[in-house]
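Spelled out, the chains give:
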Amino acid sequence: MAEKDFYEILGVSRNSSDADIKKAYRKLAVQYHPDKNPNDKSAEEKFKEISAAFDILKDPDKRAKYDQFGHDAFRAGQASSGVDPFDLFRDVFGGGGGGFGSIFDDFFGSPKGQSSEGSRGSDLRVSVSISLENAFTGVEKEIKYYRNSTCETCKGSGSSEGSSKKTCSTCRGAGQIASNQGFISIRRTCPSCNGAGVIIENPCSPCRGQGRVKKNDSVKVKIPKGIMDGMRLCSRGRGDAGPRNGPWGDLFVDVQVQSHELFERDQDDLYHDVFIPFTLATLGGEVETHTLDGKVTLRIPAGTPCNKTFRIRDKGMPNLQSSSRKGDLYVRTLIAVPKKLTREQRQKLVAFGKACGDEDIPEDSGIIDKARRFFEGDGE
């Protein structure tokens, strides 16, 4: 099934300004907020959908990537990221198993112009998705992936038991041979030893003389609290094993922090909307509001308008660089106007309106509709 376009989800065009995108998100967030639609799974899913769309489009860099690549820009998977400066050419020309990539190596030689015997293994990259709660507390994740590991049969040597190695007579151990064509000196991988510089008289069967085989593996990675979406961790020596007991590559872990149904994050600060009855907004009082480590009581002054934002210190995200520092939580109040009233409630509200000077209010007026339009407006 095709994924929904983020602009379509928010109901805006692709050339919309940041302000228009934010305004559209706020309007939809008010409509589908879980506090306003308790036990409504459809509204809850819609809220998650618009939150995910806004999370991408509010960020200029993410938006640019989405405009260029669509949803594919945010699908991180496992890939080799090595340190070979010629990898780009091999990727473009399909190297590794013959074809143009092999021709490239034949003409320019292997990296650094040396034998591949004992060379470093490739770096690998995987992605892991965590919740905002995980980012708040820190978490340890087990990551399963596929990599080249040392062959257990030959212990990484590439040779069968009792077999020996000898220096390649063609390249004399260099792994490459050179030839001159006019003013140009061309180096290419030695065809006799395939760049290893040595010849194994009796190669190990399971690894075919490479000293490594593909295996499923896993590693536990500690993700620190306060980590942000898109950050990368490194697990040293957990990448591919090098050919014939060469050094191990590294494993890079791209961390994706999921959008939250209640909180919006900006660096270490969190933002949260809370619905309050219009009577509480008028008379003042207290209301409980969510944080990532429980609930706190928020004092609402009398006469609080819609879209009023309150700051609660040290209730945001932990700072990644300093465990003693935390961001703040910003709570925006939204006025919840009742959709239905009993006859007695309506009469009392009409009497209240007249007491406030609205003498021309008829008993069957749409005072609630008028209040709803006022309180549920965009606040601008």
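Scroll up a little and you will see the structure.
Nothing here was measured: the structure is a model prediction, and the numbers come from that model.

**Q** How should I be thinking about the side chain of Arg 63 in this particular structure?
**A** Inspection of the secondary structure puts Arg 63 in helix H4 (residues 60–69). A distance of 3.0 Å separates a polar atom in the side chain of Arg 63 from the backbone oxygen of Arg 14. Look past the residues within four positions of Arg 63 in its chain and what remains in contact with it is Tyr 7, Arg 14, Asn 15, Ser 16, Ser 17, Asp 18, Ile 21, Ile 56 and Leu 57.

**Q** Which parts of the structure should I look at to understand the pairing of strand E14 (residues 294–300)?
**A** In the case of a regular strand, side chains alternate between the two sheet surfaces. Note that strand E13 (residues 285–291) and E14 share seven bridges and pair antiparallel. Paired with Gly 285 across the two strands is Ile 300, which belongs to E14. Between the end of E13 and the start of E14, which pair antiparallel, lie two residues.

**Q** Would you mind showing me how to read the pattern of salt bridges here?
**A** Close approach of charged atoms allows side chains of opposite charge to pair. With the rule as written, the count across this model stands at 24 salt bridges. Across the pair Glu 49 and Lys 4 runs a salt bridge whose closest N-O atoms are separated by 3.5 Å. Separated by 45 residues along the polypeptide, Glu 49 in helix H3 (residues 41–57) and Lys 4 in the segment before helix H1 (6–10) bring together distant segments of the chain. Classification of Glu 49 as partly exposed rests on a relative accessible area of 23%.

**Q** Just to check I follow, could you spell out the sheet that holds strand E16 (residues 329–336) for this structure?
**A** Each strand in a sheet pairs with another by means of backbone hydrogen bonds, the pair being arranged parallel or else antiparallel. Pairing in this open sheet of four strands is mixed, and the strands run E11-E12-E16-E15 from one edge to the other. Two strands close off the open sheet at either side, each with one partner strand: strand E11 (263–266) and strand E15 (309–312). Direction aside, neighbouring strands of the sheet carry axes that sit 30° apart on average. Alignment of E15 against E16, held across four bridges, turns out to be antiparallel. Across the sheet, Ile 312 pairs through a bridge with Leu 329, a residue of E16. Relative to E16, helix H2 (residues 18–32) is tilted by about 65°, and along the sheet it contacts E11, strand E12 (269–277) and E16.

**Q** Got a minute to help me understand the side chain of Ser 51 in this structure?
**A** Looking at the element boundaries, Ser 51 is found in helix H3. In this structure Ser 51 comes out as buried when scored by relative accessible area, which is 7%. Side-chain polar atoms of Ser 51 contact the backbone oxygen of Phe 47, separated by 2.8 Å. Apart from residues no more than four positions distant in its own chain, Ser 51 is found in contact with Tyr 25, Ser 259 and His 260.

About the cut-offs
- Residues numbered from 1 in each chain as written.
- Predicted model: local features only at pLDDT ≥ 70, side-chain atom pairs only at ≥ 80, totals over all residues.
- Heavy atoms only, no water.
- Helix = DSSP H or I, 4+ residues; strand = E, 2+ residues; numbered from the N terminus.
- Polar contact = N/O pair within 3.5 Å; in protein donor to acceptor, adjacent residues only side chain to side chain.
- Contact = heavy atoms within 4.5 Å.
- Pairing = 2+ DSSP bridges.
- Salt bridge = Lys/Arg side-chain N within 4 Å of Asp/Glu carboxyl O.
- Buried < 20%, exposed > 50% of the residue type's maximum accessible area, 1.4 Å probe, protein only.
- Axes fitted to C-alpha atoms, helices over the stretch in contact; angles between N-to-C directions.

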